[in-house]
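# A closer look at the structure
So you can see what is in the structure, the chains are spelled out below.
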Amino acid sequence: MMMRSISVVRLCFFFLIVGFSGQVGAFSESDLEKLKATGDCSGCDLSKANLIEADLAWGDLTGANLAGATLKEVNLAGGNLTGANLTGADLDGAILINSDLTGATIANETLDSAYLCHTELTDGQESNCDLEKADFSRAYLGWLDLNGAKLIEADLSGAVLIEADLSGANLTSANLAGAILREVNLAGANLAGANLAG
């Protein structure tokens, strides 16, 4: 009877270890290293990877498997995510401005907490640009199209906006303190009450 109990305990322990390692190793370590080194990972397996606050602006993730990945506050501005699998991914606070999600697998409600502006959505339609009170402090937003964006009370302090197109944008009461605005197009932008210090 004692031997049977020990065998049952060993079997339970085995399944616990196998199940745990299966969850931990869901993504490819080599693919994750490639992404970290180059910012590009077309066709990579990054399922369940933790990429919180990663800067992947302008990266190529075409056809990548990001199912269940934690992409909270990740910067994917200008990124290519065509055909990517984003099923169950956490995109809370993710920057998807000017990104291409054409053909990506993602639930529409998943994008509700992400920042979109001129983003190519899964159906080929372009998103609106309601970024009121968005927090882009210290974010890299260079060369992006933010034409006509609603950035009322947005925090852009310390953001890099080199050659960005902010023409016609509403920046009322926005915080641009310390932002890098070299060659930014601000034609027709509303800067009433905006903080432009530094």
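Everything below is about the structure shown above.
Residues numbered from 1 in each chain as written. Predicted model: local features only at pLDDT ≥ 70, side-chain atom pairs only at ≥ 80, totals over all residues. Heavy atoms only, no water.

## Details of the layout of surface pockets
In this structure, the largest pocket encloses a volume near 350 Å³. Considering the residues around the largest pocket, the lining is formed by 16 residues, among which Glu53, Glu73, Ile95, Asp135 and Ser137 are closest to the centre. Within the lining of the largest pocket, the residues separate by chemical class into 7 nonpolar, 3 polar and 6 charged. (1 Å grid on protein atoms, 1.4 Å probe; cavity = no way out; pocket = protein on both sides within 12 Å on 5 of 7 lines; lining within 4 Å. Points joined across faces, edges and corners; volume = space filled by probe spheres on them. Nonpolar A, V, L, I, M, F, W, Y, C, P; charged D, E, K, R; others polar.)

## Digging into unusual backbone geometry
With a phi close to 60 degrees, glutamate 53 is a non-glycine residue in the positive phi region. Its place among the elements puts glutamate 53 in the segment after helix 2 (29-38). (Helix = DSSP H or I, 4+ residues; strand = E, 2+ residues; numbered from the N terminus.)

## Some words on the environment of isoleucine 106
Within the secondary structure, isoleucine 106 is located in the segment after helix 2. Not counting chain neighbours up to four residues away, the residues in contact with isoleucine 106 comprise Leu86, Leu91, Leu111 and Thr122. (Contact = heavy atoms within 4.5 Å.)

## Here we look at the state of the cysteines
Using the criterion set out here, one finds 2 disulfides in the structure. Between the sulfur atoms of cysteine 41 and its disulfide partner cysteine 44 the distance amounts to 1.9 Å. Across the disulfide from cysteine 41 to cysteine 44, rotation about the S-S bond amounts to roughly -90 degrees, and the bridge is consequently left-handed. There is no split in this pair, since cysteine 41 and cysteine 44 are both buried. Each bonded cysteine of the protein chain is numbered by sequence order, and under that numbering the disulfide pairs are 1-2, 3-4. (Disulfide = S-S within 2.5 Å. Buried < 20%, exposed > 50% of the residue type's maximum accessible area, 1.4 Å probe, protein only.)

## Observations concerning the packing of aromatic side chains
In this structure the tally under the stated criterion is 2 aromatic pairs. Residues tyrosine 115 and phenylalanine 136 carry aromatic rings whose centres are separated by 4.9 Å and whose planes lie at 70 degrees to one another, so their mutual orientation is edge-to-face. Placement of tyrosine 115 in the segment after helix 2 and of phenylalanine 136 in the segment after helix 2 is noted, with a sequence separation of 21 residues between them. Classification of phenylalanine 136 as buried rests on a relative accessible area of 1%. Where tyrosine 140 meets tryptophan 143, the ring centres are 6.3 Å apart and the plane angle is 45 degrees; that geometry is what we call tilted. (Phe/Tyr/Trp six-rings, centres within 6.5 Å; stacked < 30°, edge-to-face > 60°.)

So yeah, pure geometry; function would need other evidence.
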